[in-house]
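Coordinates in review
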Amino acid sequence: MYNKMWHQTQDALNSLLDKESQKMAEPQKSQVFFFQMLATFYIKYVQIFRNLETVYDQIVHPQKRTLIRKILDGVMGRILELKNEMVEVELTEFHYFDDLLQDLKLVPQQLDIPIPRYFLKEKLEVIKGREKILAQILAESGLAATDPKYSVKDIPLEEAVKLIQIAERARQGRLRALFMKQICMQEYRAKLSRALGEKVTDTRAAALCIQKVWRGFHQYRRTEKEREEEMIFLGMDPPPFFNEVSTTIIQAERVNRLREEVQMKHEEDYKEAMVTIKENLKLTEGPDIKESLQDQIRHWFIECRNLTGKFPDYPEEEEEEWKMSPSVFLHTMEEGNNLYKDRWMNKDESWNFPQDYDPELIKEEKWKELELELRVQVDELMRQELKNLKLAVNREKEYPVKPRKNKEKKNKGKKGKRGKKDKDLTADRTIESLYKELVEEGLLIQALKVNLSDYIGEYSYLGTTLRQVSIEPMPSLLDVRQLITLYGILPLGSAAVHAKAPLVKSLLLVGPSGVGKKMLVHAICTETGANLFNLSSRNIAGKYPGKSGLQMMLHVVFKVARELQPSVVWIEDTEKTFYKKVPNAEKMNEPKRLKKQLPKILKLLKPDDRILIVGTTQRPFDAELQSFCKVYQKIILVPRPDYASRYVLWKQIIQRHGGVLSKTLNVSCLAKVTDGFTQGHIVKVVKGVLTDRRIRQQTHKPLTAAEFTEAITGMNPVYKEEEESFKNWYAKTPLGKKRALALTGGSTEKPKDKGKKK
């Protein structure tokens with residue numbers, strides 16, 4: 001099944017690569033058509049990426065997985081390149097593809113970019129070991145967080161006895177009240193039976209009354225059942241046992257676990273075979289390869305002497321350098337696609353039912369490696385042989401070849417100066433000791449176990465339509481989630497993608513309180529297995545004082561972050577670092593300590609450093625805009641949830657906290673009346689209403705919307721004026737200005753760039 005899926009995906013990729021090479025050669029005059037072309041390629045690459053990620057996770061053949069991984073990383077990088085181009089064309093981080101999805105017969109859910117499962121699978125043991133060490137350090141230093149629900153508090157003996165007495169007396173009182181209620185009910189029944197016994201009853205009339213009530217009740221139940229079946233058939237109600245885990249899902253999970261075990265076994269066998277087959281080749285074929293190479297080189301000596309009358313100079317060890325094409329990932333994908341055509345497209349694998357490694361392919365690969373290794377030895381031997389030939393035949397003296405002057409020597413002085421700046425201040429300390437120090441200081445913290453899929457929301461279905469009538473729509477929560485995947489998770493999770501894709505060093509999440517900014521930071525760490533460093537002004541206050549202390553702190557943080565990458569450096573309430581004017585109450589904390597250091601740190605981050613600086617703020621208006629935008633490369637506006645997102649949020653959060661959705665609970669009404677309230681408000685209300693006692697009462701007392709609306713009335717929503725202030729602030733950012741200028745028909749190019757061709 002998955003082999004067939006792989007072949008179909010490769011066919012789609014081959015067709016897409018051909019189309020892209022044709023379209024790249026055709027310049028587009030219309031910006032709209034150019035964006036449509038980019039968006040179409042983007043959507044199709046996302047479909048290929050989704051299929052390849054599934055195939056890579058499920059296929060067990062180790063050599064196929066190696067090739068699929070190469071293509072998968074290439075497709076991932078190409079998606080990031082296209083996203084970067086779309087941002088440059090439309091001058092906005094958010095794009096809407098309603099019309100294209102209709103043309104391609106796709107639903108919005110198919111645009112969701114999956115997070116490759118190999119990000120965590122391939123380093124699961126490392127992550128578990130690191131978490132264990134972190135928990136141990138926190139426990140030893142007394143910084144481990146305890147759940148207040150299960151925390152134990154010591155109380156005096158007299159107070160404990162008093163609490164037990166109160167509980168016992170309350171229990172006895174409840175039993176006495178129940179006993180008295182039973183006595184009262186017995187007296188009432190006896191009184192009622194005496195009153196009815198005095199009347200002469202008609203048995204026929206009584207039977208008719210009973211029949212009437214029973215038939216009405218029976219018909220009511222039948223009508224209710226038919227209505228439920230109709231709603232289930234229309235897809236408006238979930239089927240029975242919808243939330244229960246079926247045996248099919250349990251079986252599928254068992255198969256997945258077995259598949260992972262087979263993958264690991266085949267991978268280990270493949271690695272062992274790579275070593276053993278190469279050794280066998282070296283013993284059996286090595287001498288023949290060496291002799292063949294020597295014969296070829298000797299033949300070249302003789303040919304050159306016959307043509308020129310003298311022996312040639314032996315070439316130097318330096319190889320020719322090749323320049324990369326504008327899109328580095330296109331070359332990677334084409335290379336992988338050609339390899340698939342040559343090796344796997346028409347390969348007969350009827351002999352390999354268990355899908356273990358193919359020894360012939362290993363021999364072919366290791367033959368080339370062995371030839372390159374032996375070539376180095378042969379070159380040394382043949383240089384000496386050529387030298388002896390020249391002395392014997394021509395009596396020529398071999399002069400040493402002068403080494404080429406390196407251009408980098410010109411910058412020697414500059415590099416020397418830079419080397420002093422980058423001096424290792426902790427060369428005498430181990431990474432383990434620095435790691436422990438950061439944990440004890442509270443600068444390296446434990447990330448919460450939150451998946452990005454827990455950031456619940458719905459798609460914006462009218463984005464393109466609104467833009468066509470010159471209305472800029474607010475992004476949906478799933479648009480924000482998509483950007484977090486593209487700018488944060490994919491580059492941090494894959495070293496190959498991070499090294500070549502458009503580099504995003506810093507990210508700023510802007511939005512009102514409660515919209516999930518902190519949750520998104522923790523989700524990035526959870527999905528990539530990254531370390532989380534907290535450099536918020538409140539957290540670093542009083543730590544590493546002075547200029548030298550600040551320099552040491554940043555050195556230690558980024559040294560550990562590089563060694564244990566991927567890493568996320570989080571700056572909460574980052575507007576405080578860039579205050580226009582520091583409030584008197586915060587002057588003692590020195591909130592602007594990092595202001596001058598952050599731009600320098602960003603310059604030192606290289607493509608090989610999988611480190612992402614993430615800032616979160618709910619008051620960006622208090623910061624100096626120019627400094628703010630200079631540090632943060634990508635600014636993402638996180639909005640309050642719209643009606644569609646609130647509807648999904650209420651349903652899922654109620655169910656996750658043990659609530660049962662019934663007809664008495666009008667979720668649509670809840671979503672409508674809670675306009676302006678954020679995810680934080682909704683979670684707080686649901687936790688407050690769904691206590692353990694209320695969850696147990698649901699069988700005879702279903703939930704109602706009134707319970708939640710009463711609890712939320714005491715909270716302050718995010719009003720439209722506040723949302724508009726965030727939009728107005730974003731319009732002042734560099735990208736916001738360019739977007740506004742483009743919408744008014746102005747040019748976004750600088751005057752000095754006029755006349756230049758792009």
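Now for a description of the structure that goes with this document.

Rules used throughout
- Residues numbered from 1 in each chain as written.
- Predicted model: local features only at pLDDT ≥ 70, side-chain atom pairs only at ≥ 80, totals over all residues.
- Heavy atoms only, no water.
- Phe/Tyr/Trp six-rings, centres within 6.5 Å; stacked < 30°, edge-to-face > 60°.
- Helix = DSSP H or I, 4+ residues; strand = E, 2+ residues; numbered from the N terminus.
- Buried < 20%, exposed > 50% of the residue type's maximum accessible area, 1.4 Å probe, protein only.
- Lys NZ or Arg CZ within 6 Å of the ring centre and 35° of its normal.
- Salt bridge = Lys/Arg side-chain N within 4 Å of Asp/Glu carboxyl O.

**Digging into the packing of aromatic side chains**
Summed over the entire model, instances satisfying the criterion amount to 12 aromatic pairs. Centre to centre, the rings of phenylalanine 578 and tyrosine 632 are 6.4 Å apart; their planes meet at 70°, and the pair counts as edge-to-face. Note that phenylalanine 578 is positioned in the loop between β4 (567-572) and α21 (597-604) and tyrosine 632 in the loop between α22 (625-631) and β6 (634-637), a separation of 54 residues in sequence. The pair phenylalanine 578 / tyrosine 632 is uniform in exposure class, with both members buried. The rings of Phe578, Phe628, Tyr632 and Trp729 are connected pair by pair, giving a single aromatic cluster. Cation over ring: arginine 65 sits above tyrosine 56, and NZ or CZ is 4.3 Å from the ring centre. Note that lysine 672 overlies the ring of tyrosine 643, its terminal NZ or CZ placed 6.0 Å from the centroid.

**Quick word on the environment of glycine 514**
Along the chain, glycine 514 turns up in the loop between β2 (506-510) and α18 (517-528). Linking glycine 514 and phenylalanine 677, residues 163 residues apart in sequence, is a C-alpha distance of 8.7 Å.

**Some words on unusual backbone geometry**
A cis geometry characterises the amide bond from glutamine 565 onward to proline 566, with omega recorded as 5°. Within the secondary structure, proline 566 sits in the loop between α20 (546-563) and β4.

**Quick word on the pattern of salt bridges**
Scanning the entire structure with this criterion turns up 27 salt bridges. Between lysine 121 and aspartate 57 there is a salt bridge, with its nearest N and O atoms 2.5 Å apart. Taken together, the residues span a long stretch of sequence, with lysine 121 in helix α5 (residues 118-121) and aspartate 57 in helix α2 (residues 31-58) at a distance of 64 residues. Look at aspartate 57 and you get buried, because its relative accessible area is 9%. The salt bridge partner of arginine 69 is aspartate 73, with a shortest N-O separation of 3.3 Å. Here aspartate 73 and arginine 69 lie together in helix α3 (residues 62-90), a separation of 4 residues that amounts to about one turn. Among the residues examined, arginine 69 registers a relative accessible area of 22% and is labelled partly exposed. Among the charged side chains, a network of salt bridges with common partners joins Glu53, Asp57, Arg117, Lys121 and Glu260.

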